[in-house]
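What follows is each chain in one-letter form.
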2 protein chains.
Amino acid sequence: MIKNYSYTRFNKTKTNNIKTGFANRGMGLENDINLANEYYRIHDIAYIYKKPTPIKLVKVDYKIGLIKEAYFETPSTTDYNGIYNGKYIDFEAKETTSKTSFALSNIHKHQIDHLINVKNKGAISFLIVRFTILDETYYLSTEKLEEFLKNNERKSIPINFFKEYGTMIKVKYAPRIDYIEIINKLYFGGNNHDEEKN
Amino acid sequence: MIKNYSYTRFNKTKTNNIKTGFANRGMGLENDINLANEYYRIHDIAYIYKKPTPIKLVKVDYKIGLIKEAYFETPSTTDYNGIYNGKYIDFEAKETTSKTSFALSNIHKHQIDHLINVKNKGAISFLIVRFTILDETYYLSTEKLEEFLKNNERKSIPINFFKEYGTMIKVKYAPRIDYIEIINKLYFGGNNHDEEKN
């Protein structure tokens, strides 16, 4: 189970480094988010980082600090967290090749539980989902995700749910995926962070 | 440089698993904090996790998800973060065998910068330092750490600074290291989290 998952994760990372064929669109969601986070840090807007993938160590050469055998582990939480404007930010980001829906099997149940737990403590928590073939990326708050889970037996969230209850993240120049702009609209009265800085 | 640091980190973890000789005191700071975080999660008090150590992958067997060669990397941020009572929490925890001072070489400069950056954005950020031979553990806010760095040329923080400007964390039964109790006193008018739950 752990090995299986790990394998998927590793391939996911690898896929992100391969151009998808769309001109200037091939960087992958993870790279886009890492670049956005770097942009936010450089401009002192937000401090949000991707957590390292947890690794189970089996054999290590102590003398030179070399890991000789290890396995990927299932993460306990989401991939990204940090702080913006006094608020704890926490989210998971996923890509899907489906054109019609996002399969919930893409996220571990304990990751959804984590998003709900931190939201209940006052976090701004959410999902970022990219439909890669459509080249559409959506922000979906944990509040809306929770509503969907309460009211539906379905194992996948239709794209129309994202269109209706989420927010499409438009690709810009810098940062490409400006998810803080969405947070400003939803939680801080719509000012964008560039205006705040003036 | 990276290899050197990694080696230290790995040994540190290893040391934490070895009993130090004090009866019931030998669990190591990292274990104490992990247990405290587990206690806070189980009781729905706070959601704070240790970040995995970042690993640089060199050789991976894709078929079975086995890492055959990898090295420890220097972490970009601190080891622990999460949410409590609507506030973003971020801290670093260190042990020292010195009886008189805590050497600043124990923390990377970019980790101190990170603590200050998130504090400036509204985080509750701090250091937890254990003087293992004295068996004394202190909470030191980033505000006080920053003051020390501004007013001192010294490369280490004397234990008296911790006594005067920090707060000693008394060892309890559960959680052993109740750092949230200190946060309550400093930031939330002194209520402890057990009272809040009632």
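Residues numbered from 1 in each chain as written. Chains lettered and ligands numbered in written order. Predicted model: local features only at pLDDT ≥ 70, side-chain atom pairs only at ≥ 80, totals over all residues. Heavy atoms only, no water.

Glancing now at the relation of the copies chain A and chain B. Expressed as a screw operation, the relation of chain A to chain B combines 0.0 Å of axial shift with a rotation of 180°, fitting to an RMSD of 0.0 Å. Between the two chains, the operation in question is that of a two-fold axis. Of the interface residues in chain A, 100% have counterparts in chain B that sit at the interface too, so the contact is made through matching surfaces. (Least-squares fit on C-alpha atoms with pLDDT ≥ 70 in both. Contact = heavy atoms within 4.5 Å.)

Another aspect to go through is helix H6 (residues 179-187) of chain B. Among the residues of H6(B), Tyr179(B), Ile180(B), Ile182(B), Ile183(B) and Asn184(B) are the ones counted as buried. Trailing H6(B) by a residue or two, Gly189(B) shows a phi angle of about 70°, which is positive. (Buried < 20%, exposed > 50% of the residue type's maximum accessible area, 1.4 Å probe, protein only. Helix = DSSP H or I, 4+ residues; strand = E, 2+ residues; numbered from the N terminus.)

A few words now on the environment of Leu115(B). Residue and element names in this part refer to chain B. With respect to the helices, strands and loops of the structure, leucine 115 is situated in helix H3 (residues 109-120). Classification of leucine 115 by relative accessible area gives buried; the value is 0%. On a C-alpha basis, the gap between leucine 115 and serine 125 in space is 5.9 Å, while along the polypeptide they are ten residues apart. In contact with leucine 115, not counting residues within four places along its chain, are Thr78, Asp90, Phe91, Ser125, Phe126, Leu127, Thr142 and Leu145.

Time to look at the interface of chain A and chain B. Each partner contributes to the interface: chain A provides 42 residues, whereas chain B provides 42 residues. Between chain A and chain B the total buried area reaches about 3500 Å² when both faces are included, carbon and sulfur atoms providing 70% of it. When the buried area of chain A at its contact with chain B is split by residue, Tyr62(A), Ile67(A) and Lys121(A) rank highest and sum to 19% of it. The tally of links from chain A across to chain B stands at two salt bridges. Notably, a salt bridge pairs Lys121(A) with Asp44(B), separated by 4.0 Å at the nearest N-O pair. Inspection of the chain A/chain B interface yields seven residue pairs in polar contact (both at pLDDT 80 or more). A per-class count over the side of chain A that touches chain B returns 22 nonpolar, twelve polar and eight charged. (Buried area = accessible area lost by both parts, 1.4 Å probe. Salt bridge = Lys/Arg side-chain N within 4 Å of Asp/Glu carboxyl O. Polar contact = N/O pair within 3.5 Å; in protein donor to acceptor, adjacent residues only side chain to side chain. Nonpolar A, V, L, I, M, F, W, Y, C, P; charged D, E, K, R; others polar.)

Residue and element names in this part refer to chain A. Of all the ten residues making up strand S5 (residues 87-96), eight are buried; the element is thus mostly covered by neighbouring parts of the structure. When strand S4 (residues 80-84) meets S5, the two strands line up antiparallel, connected through five bridges. The residue of S5 that forms the bridge with isoleucine 83 is tyrosine 88. Here S4 hands over to S5 after two residues, with asparagine 85 in that stretch at a positive phi of 50°. (Pairing = 2+ DSSP bridges.)

With that settled, consider the packing of aromatic side chains. How two aromatic rings sit relative to each other is given by the distance of their centres and the angle of their planes. Within the structure shown, the criterion is met by 29 aromatic pairs over all chains. With 6.2 Å between their ring centres and 75° between their planes, Tyr39(A) and Tyr40(A) make a pair best called edge-to-face. Judged on exposure class, the residue Tyr39(A) and its partner Tyr40(A) are both buried. Taking 4.7 Å as the distance between ring centres and 40° as the angle between the ring planes, the aromatic pair formed by Phe161(A) and Tyr165(A) counts as tilted. One end of the pair is Phe161(A) and the other is Tyr165(A), both in helix H5 (residues 159-165) and four residues apart, which spans about a single turn. Tyr165(A) sits in the partly exposed class, given a relative accessible area of 37%. What links up through ring pairs into an aromatic cluster is the set Tyr39(A), Tyr40(A), Tyr80(A), Phe91(A), Phe126(A), Tyr139(A) and Tyr179(A). Over the aromatic face of Tyr49(B) sits the side chain of Arg41(B), whose NZ or CZ is 4.2 Å from the ring centroid. (Phe/Tyr/Trp six-rings, centres within 6.5 Å; stacked < 30°, edge-to-face > 60°. Lys NZ or Arg CZ within 6 Å of the ring centre and 35° of its normal.)

This paragraph deals with the pattern of salt bridges. Residue and element names in this part refer to chain A. Considering all chains together, one arrives at 22 salt bridges over all chains under this definition. Here aspartate 32 ties to arginine 176 by a salt bridge, and the two come within 3.0 Å at their closest N and O atoms. Pair noted here: aspartate 32 is in helix H2 (residues 29-42) and arginine 176 is in the loop between strand S10 (167-168) and helix H6 (179-187), with a separation of 144 residues, a long-range link. Each of the salt bridges in this network shares a partner with another, and the network as a whole consists of Asp32, Arg130 and Arg176.

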